[in-house]
Amino acid sequence: MSLETLDLEDPRRYEFLTKIRLEDPGAVARAAAARIKHPGAVLGKQNFIVAADHPARGALAAQGQPTAMANRRGLLDRLQIALANPAVDGVLASPDIMDDLLLLGALDGKLVFGSMNRGGLAGFVNEFDDRFTGHTAEALAALGADGGKMLTRIALGDPVTAQFLEATAKAIDSLTSRGLIAMVEPFLSAWVDGKVRNDLSPDAVIKSIGIASGLGASSALTWMKLPVVEEMERVMAATTMPTVLLGGDPTGSPDEVFAQWGKALALPGVQGLTVGRTLLYPADGDVAGAVAAAASLLHCEEIKPEEMTRFVSKETVR
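A quick note: this is a predicted structure, and the numbers were derived from the prediction, not measured.

Each value, and the rule that gives it
Residues numbered from 1 in each chain as written. Predicted model: local features only at pLDDT ≥ 70, side-chain atom pairs only at ≥ 80, totals over all residues. Heavy atoms only, no water. Axes fitted to C-alpha atoms, helices over the stretch in contact; angles between N-to-C directions. Helix = DSSP H or I, 4+ residues; strand = E, 2+ residues; numbered from the N terminus. Parallel < 35°, antiparallel > 145°, perpendicular 65-115°, else oblique. Contact = heavy atoms within 4.5 Å. Buried < 20%, exposed > 50% of the residue type's maximum accessible area, 1.4 Å probe, protein only. Arc of directions from axis to C-beta. Pairing = 2+ DSSP bridges. Polar contact = N/O pair within 3.5 Å; in protein donor to acceptor, adjacent residues only side chain to side chain. pLDDT = per-residue confidence, 0-100. Salt bridge = Lys/Arg side-chain N within 4 Å of Asp/Glu carboxyl O. Patch = residues over 30% accessible without salt bridge, like charges linked within 9 Å, V, L, I, M, F, W, Y side chains within 5 Å. Areas by Shrake-Rupley, 256 points an atom, 1.4 Å probe, with all protein chains shown as cover. Core = buried A, V, L, I, M, F, W, Y, C linked by side-chain atoms within 4.5 Å. Left-handed = near helix turned anticlockwise from the far one by under 90°. Nonpolar A, V, L, I, M, F, W, Y, C, P; charged D, E, K, R; others polar.

Colleague: Any chance you could explain the packing of helix 1 (residues 15-23) against helix 4 (residues 95-103) here in plain terms?
Modeller: How two helices sit against one another is set out by the angle between their axes and by the gap between those axes. Packing of helix 1 against helix 4 leaves a shortest axis separation of 11 Å and a crossing angle of 105°. With respect to their mutual orientation, helix 1 and helix 4 come out roughly perpendicular. Together, Leu17, Ile20 and Arg21 of helix 1 and Asp96, Asp99, Asp100 and Leu103 of helix 4 make up the contact between the two elements.

So, in structure tokens, the structure goes:
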């Protein structure tokens, strides 16, 4: 069923998904096997990935509305509108949403990233114990996905961080051994007035990159997923890994947010955007317009090998 044939006012518009799950659950695997794959990431052609894994950790708020993402029908409507834009070439989702999108046939030609650790529930008394309760590397390989994403909050004042970093390293190894991308989203975080807060200062982001980059036995397939902060030039100098920018839930005006994204997207090593709530729940309600505006910021010209040779020494070429 296509978005064009859906009546967005009909509360039964996704009831067929319930019927499939009830009577033919194997349809998810068949849909994954039949899916047309994305041709693969290329330097210079920035990727636009829509994120939809927030509800799995109890994070339902967007644009100041505490339960904005609670309505699954509305979320699927918005995701299909976003994915219908050809510039959107990927999705990052928890298993439940991924399965819905596969059954809807919405992921043909898209990069597919599964969300792996959702155990650090928003507001949980032990939120930093962010266990891997979502996609596994084995499951992602079976789905024909491109990789898995892991939120990596590093709390220097919480002893659970040590075992969490070990679990993250093992997840990276599990992905790498299957040829899958490990998208790592690091933060230096702490409890502040009873809530988990991420330190978004440039120095903190740079430190988190250094720690996260060293996780796992190989970084060959590791990507960074980083916030847009002050001094992004200095932040991006901290890594050679492909990096996608996250959107978060910004408080500034759309023009201010897009201007920050546009400036960051021009930096070396930035491979694109991974944005969810900002575009799926824009203040004016125009999902298609918000997605189109963000897409206009992307750079889409492949960097040819001959353009890179001037950076490679003759000794390296030998």
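Colleague: For this particular structure, what's the right way to read helix 2 (residues 27-34)?
Modeller: Residues Ala27, Val28 and Ala32 constitute the buried set of helix 2. Down the axis of helix 2, the buried set is contained in an arc of 140°. They therefore lie on one face. Exposed and oriented more than 90 degrees from the buried face of helix 2 are Ala29, Ala33 and Ala34.

Colleague: Mind showing me how you'd approach the pairing of strand 9 (residues 270-275) here?
Modeller: Regular strands have side chains that alternate between both faces of the sheet. With six of six residues buried, strand 9 lies mostly within the body of the structure. Taken together, the four bridges between strand 1 (residues 47-52) and strand 9 define a ladder with parallel strand orientation. Bridge assignment links Ile49 to a residue of strand 9, and that residue is Thr274. Inspection of the sheet shows strand 8 (residues 243-246) paired to strand 9 by four bridges, in the parallel sense. Looking at the pairing, Leu245 lines up with Leu273 of strand 9.

Colleague: Can you help me understand the environment of Gln63 in this one?
Modeller: Within the element layout of this structure, Gln63 appears in the loop between strand 1 and helix 3 (72-83). Taking relative accessible area as the criterion, Gln63 reaches 33% and is therefore assigned partly exposed. Measuring from C-alpha to C-alpha, the distance between Gln63 and Gly120 comes to 22 Å, with 57 residues separating the pair along the chain. A distance of 3.4 Å separates the side chain of Gln63 from the backbone oxygen of Tyr281, its partner in a polar contact.

Colleague: Got a minute to help me understand helix 11 (residues 287-295) in this structure?
Modeller: An α-helical segment advances 3.6 residues per turn. Residues three or four places apart therefore align on the same side. By the burial criterion, the buried members of helix 11 are Val287, Ala290, Val291, Ala294 and Ala295. One side of helix 11 carries all its buried residues, which in axial view fall inside an arc of 135°. Regarding helix 11, its N-cap is Asp286, as a side-chain oxygen of that residue lies 2.9 Å from the backbone nitrogen of Gly289 further along.

Colleague: Is there a simple way to think about the confidence of the model for the protein chain in this case?
Modeller: Close reading of the predicted structure is inappropriate where its pLDDT is low. On average, residues of the protein chain score 92 in pLDDT, and 92% of them reach the 70 mark or higher. Taken as a whole, residues 314-318 scores under 50 in pLDDT and shows one contact with residues more than four places along the chain or in a different chain.

Colleague: Hey, could you run me through the pattern of salt bridges in this one?
Modeller: Pairing between side chains of opposite charge can happen when their charged atoms approach one another. All told, the structure shown has 17 salt bridges when counted by the stated rule. For Arg118, the salt bridge is made with Asp53, and the minimal N-O distance between the two is 3.5 Å. Of this pair, Arg118 sits in the loop between strand 3 (111-115) and helix 5 (137-143) while Asp53 sits in the loop between strand 1 and helix 3, placing them 65 residues apart in sequence. The two residues Arg118 and Asp53 agree in class, both being buried. Ionic pairing is found between Glu185 and Lys149, a salt bridge with its closest N-O pair at 3.2 Å. Here Glu185, found in strand 5 (residues 181-192), pairs with Lys149, found in strand 4 (residues 147-154); they are 36 residues apart in sequence, far enough to count as distant. The pair Glu185 / Lys149 is uniform in exposure class, with both members buried.

Colleague: Any chance you could explain a nonpolar patch on the surface here in plain terms?
Modeller: Taken together, the side chains of Leu121, Phe124 and Val125 define a hydrophobic patch exposed on the protein surface, amounting to about 280 Å² of accessible area. Within the secondary structure, Leu121 is located in the loop between strand 3 and helix 5.

Colleague: Mind showing me how you'd approach the nonpolar core here?
Modeller: Nonpolar side chains tend toward joint burial in soluble globular proteins. Core analysis: the largest hydrophobic core is formed by 76 residues, its most contacted members being Phe48, Leu79, Leu101, Leu273 and Leu279. Counting residues per element, this core draws most heavily on helix 6 (residues 160-176), at six residues. Excluding residues within four positions of it along the chain, Phe48 makes contact with Ala87, Val88, Asp89, Gly90, Leu273, Leu279, Val291, Ala294, Ala295 and Leu298. Core analysis: the next-biggest nonpolar cluster, separate from the first, contains nine residues, Leu111, Phe113, Met183 and Val244 among them.

Colleague: Teacher, can you tell me more about the packing of helix 2 against helix 4 here?
Modeller: It is at 9 Å that the axes of helix 2 and helix 4 come closest, and there the two elements cross at 65°. By the criterion of interaxial angle, the relationship of helix 2 to helix 4 is roughly perpendicular. Crossing geometry of helix 2 relative to helix 4 is assigned as left-handed. In contact with Ala27, Val28, Ala31 and Ala32 of helix 2, helix 4 contributes Asp99, Leu102 and Leu103. In terms of residue class, the contact of helix 2 with helix 4 is built from six nonpolar, no polar and one charged.

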